[in-house]
Amino acid sequence: MAQGRATYVMNHTVHPPAIVRDGAPDALGPAVRLSRDADSPAPDRLRSTRAFHLHAENGAPVARVVTTQPLGSRLGGRPAVYEVLDPSGAPLGRITLRRRRAFRPGRRRWTVEPVAGRALRGYEGRLLWWALWWPVGLPVSLVVLVTTLLGEGDGGIRPPRRIIWRDGSHRAHLVFRAVAEEYRLLAPDVDPRLVNSLIALHQSFDRSEGAGAGGWYGE
């Protein structure tokens with residue numbers, strides 16, 4: 001399932017929500033629809049449990065994402081692990097979310113491990129912007145949050161969110177551009193089923209402003 005360079009965005013105006021692709025075509029078509037499993041578990045305390053399907057525009061099943069390990073506490077640092085399966089139930093790969101541990105420096109990390117191929121790792125935000133966020137952005141965001149709660153503000157300032165997924169040789173494969181709320185695929189050797197699954201998972205945690213309070217998964 002090779003594919004060329006492309007841009008992906010989430011479309012929250014349709015039901016079920018869709019990941020829309022703009023660029024070189026692939027076997028999945030221009031859009032993939034997302035739907036929670038009918039028997040998906042209720043969100044746990046950490047809201048890390050996920051179970052959903054991906055479908056092509058014609059309704060054909062594309063992949064399924066299930067939780068094999070929910071997030072642990074920030075003290076323990078246990079990551080959330082999600083398995084991506086094809087329509088027959090065969091594994092396509094694994095996606096891992098690891099949060100920054102309490103009282104330790106670090107960034108949230110998303111890892112994609114295909115059954116065949118190189119693992120990709122992406123860290124949330126650039127170190128430079130985090131270095132500016134803690135002394136400047138965080139206090140300003142707290143002030144904006146207080147004014148919002150008092151009914152005098154329009155919202156908070158979000159922390160650094162840009163992610164670049166790279167392989168072991170530091171080659172970039174996928175980029176999340178936070179300002180544009182889009183994902184740019186740079187390398188043609190990533191399984192599109194894993195790309196769409198990663199985007200769906202990431203958007204369920206780091207929702208765009210147009211997704212509503214609960215994001216696409218919470219709707």
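Residues numbered from 1 in each chain as written. Predicted model: local features only at pLDDT ≥ 70, side-chain atom pairs only at ≥ 80, totals over all residues. Heavy atoms only, no water.

Draft legend 1. Focus on the sheet that holds strand β10 (residues 163–166). As summarised here, the arrangement of the 12 strands in space is β1-β2-β3-β4-β5-β6-β7-β8-β9-β10-β11-β12, forming a closed barrel in which the pairing is antiparallel. Averaged over all pairs of adjacent strands, the angle between strand axes in this sheet comes to 20°, irrespective of strand direction. Sheet analysis places strand β8 (residues 109–114) next to strand β9 (residues 120–123), joined by four bridges and oriented antiparallel. Bridge assignment links Val112 to a residue of β9, and that residue is Leu120. Most of the contacts of helix α2 (residues 192–205) go to strand β7 (residues 91–98), to which it runs at about 30°, and overall it touches β1 (6–11), β2 (18–23), β3 (31–36), β4 (51–56), β5 (61–69), β6 (80–85), β7, β8, β10, β11 (172–177) and β12 (182–185). (Pairing = 2+ DSSP bridges. Helix = DSSP H or I, 4+ residues; strand = E, 2+ residues; numbered from the N terminus. Axes fitted to C-alpha atoms, helices over the stretch in contact; angles between N-to-C directions. Contact = heavy atoms within 4.5 Å.)

Draft legend 2. Up close: the pairing of β12. Direction of pairing for β1 relative to β12: antiparallel, over a ladder of three bridges. Following the sheet pairing, Tyr8 is matched in β12 by Tyr183. Summarising the sheet, β11 and β12 pair through four bridges and their orientation is antiparallel. Note on β12: the bridge partner recorded for Leu174 is Leu185.

Draft legend 3. Region of the structure containing unusual backbone geometry. With an omega of -5°, the peptide bond running from His15 to Pro16 counts as cis. Tracing the sequence through the fold places Pro16 in the loop between β1 and β2. The phi torsion at His170 lies on the positive side, around 75°, for a residue other than glycine. In this fold, His170 is placed in the loop between β10 and β11.

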